[in-house]
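# Breakdown of the fold
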Amino acid sequence: MNNAIDEHATPGAAWHRFFDFDAHKTTPRKEAMAGLVTFMTMAYIVFVNPAMLAGAGMSKAAVVTATCLGAAVPTLLMGLWAKYPLALASGMGLNAALVMQASQPGMTWQTMMGVVVVEGALVTLLVLTGVREQVMQAIPMNLKRAIGIGIGIFIAFLGLQQMGWVAKGPGGAFLAPGNFKLLPTLIASAGLALTMTLLAFRVRGAILWGILGTAALAWLSDRLVSSGPALVAVPGQLVATPEFATFGAADLVGALKPALWGVIFAFLITDFFDTMGTVIAVGTQGGYMDAQGQLPRLKRVLVVDSLAAAWGGLCGASSVTTYIESAAGVSAGGRTGFVSVVVAALFLLAMFFAPVIGAVPAIATAPALVVVGFLMMSLVREMDLETPDEGIPAFLTLLLIPMTQSISCGIGVGFIATVVVKVLGGKGRQVSPWLYGIALLFVLHFAL
């Protein structure tokens, strides 16, 4: 009894027990440092997401606020409710797809944010009904990996365009090599070299440091080279009141038009794969899996992640998803939800520095896109490209996503090709009824 009284009397004992530091053989200081590592590793999204969404006509300052708030709330919920060191933020790939779709005639970024909200609500429903796991099991793993790789190539392609390495050819119909004599292209190239070097030496937060280093180089060039427009717009202030112009602007009515059902499905499928892959990878690394290879409290993780997608659309930050960079904090010794609490606090703090973040030019964030694409390409070593009925659909998927600049097109062709190749090869029984249904939906989508 006395021990219990002393325990309750100890300052901070309640939150110490809440996160169960002793059972995980860790300390608050170690968890806080792990949270800092995770934030530093994924903080590039605070720079990259506003730069990308600006292409859809959105205010960079407002998107900085949306990105930070969109990441902070679900990350905090992940730490306090699911109690895992998993951090969430706007997903790379989906934000690029959002910009691409928003640039189509008659489309707006408000409508695309509505698509994200609808997609997140559908994923939440599928999690609560248990359908998500069944659909995940129905889709061949080879195809799942191909989707991730295809999106990675698409992201890298966007980065190369922003760097000036790739340009449009005569008439804008074909691609051509960029002009490597231009100063912005040279600075972006130096930034890519810096980021690759940092990654090679396994520097924590290599992508973030690469962005900051490239931005600093661009700033120095403005001071040393007087000709031409400035590459870095120096902010008039360091701290500013957050802008909430994008918050609640999602057009839900416009998002429910039949013409966008394929886009909603494409976003939904991408969220499926990103989260499950991240959870499995980080869960294995942290030693959370039980004897049956299952993650305790998995449903809580999936509920938070699916709600985060809808929350990201409401904020105007694109779809928010669980980040594989969470593995960096786990590698640094983080084991509890307190890691996520620290990450959430840092995202909230970053929200007040929109002027500084908005000053970072596109040539500084472009190398990060190329590197992120490279990291997503790592899945290719796990693909089966030797078995035709497995390799051909996967190849078509990873090829068509970047070439058509349409995630839904690549996924749809991959599903249809899987069914066709399996049936013609006499292996139709290996195809799940779920996959037949999804392929049929895409056939109708392409026909209409």
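For the structure, see preceding data.
Residues numbered from 1 in each chain as written. Predicted model: local features only at pLDDT ≥ 70, side-chain atom pairs only at ≥ 80, totals over all residues. Heavy atoms only, no water.

Bringing the nonpolar core into the picture now. Counting residues in hydrophobic clusters, the biggest one holds 114 residues, and the most contacted among them are Met92, Ile211, Phe347 and Phe415. With 10 residues, the single largest contributor to this core is helix α13 (residues 261-286). When sequence neighbours within four positions are dropped, the list of residues in contact with Phe415 reads Ile139, Leu143, Phe265, Leu435, Ile438, Ala439 and Phe442. (Core = buried A, V, L, I, M, F, W, Y, C linked by side-chain atoms within 4.5 Å. Buried < 20%, exposed > 50% of the residue type's maximum accessible area, 1.4 Å probe, protein only. Helix = DSSP H or I, 4+ residues; strand = E, 2+ residues; numbered from the N terminus. Contact = heavy atoms within 4.5 Å.)

Evaluation of the coordinates by the stated rule reveals 9 aromatic pairs. The interplanar angle of 25 degrees and the centroid separation of 5.8 Å between the aromatic rings of Phe19 and Phe21 together place this pair among those described as stacked. Take Phe19: its relative accessible area is 7%, and that puts it in the buried class. The class of Phe21 is buried, set by a relative accessible area of 0%. Within the aromatic cluster, the residues linked to one another by ring pairs are Phe18, Phe19, Phe21 and Phe338. The residue whose ring lies beneath Lys83 is Phe18, and the NZ or CZ to ring-centre distance is 4.0 Å. We note Arg297 situated over the ring of Tyr84; from NZ or CZ to the ring centre the distance is 4.3 Å. (Phe/Tyr/Trp six-rings, centres within 6.5 Å; stacked < 30°, edge-to-face > 60°. Lys NZ or Arg CZ within 6 Å of the ring centre and 35° of its normal.)

Within helix α4 (residues 44-53), 10 of the 10 residues are buried, which leaves it mostly tucked inside the rest of the structure. Within the span of α4, buried status applies to Tyr44, Ile45, Val46, Phe47, Val48, Asn49, Pro50, Ala51, Met52 and Leu53.

Here we take up the pattern of salt bridges. On inspection of all chains with the given rule, the structure shows 3 salt bridges. Measuring nitrogen to oxygen at the nearest pair gives 2.9 Å for the salt bridge that ties Lys427 to Asp389. On the criterion of sequence distance, the pair formed by Lys427 in the loop between α20 (407-424) and α21 (433-447) and Asp389 in helix α19 (residues 388-404) is long-range, its members being 38 residues apart. Residue Asp389 is classed as buried on the basis of its relative accessible area, which comes to 9%. Measuring nitrogen to oxygen at the nearest pair gives 3.1 Å for the salt bridge that ties Glu390 to Lys422. (Salt bridge = Lys/Arg side-chain N within 4 Å of Asp/Glu carboxyl O.)

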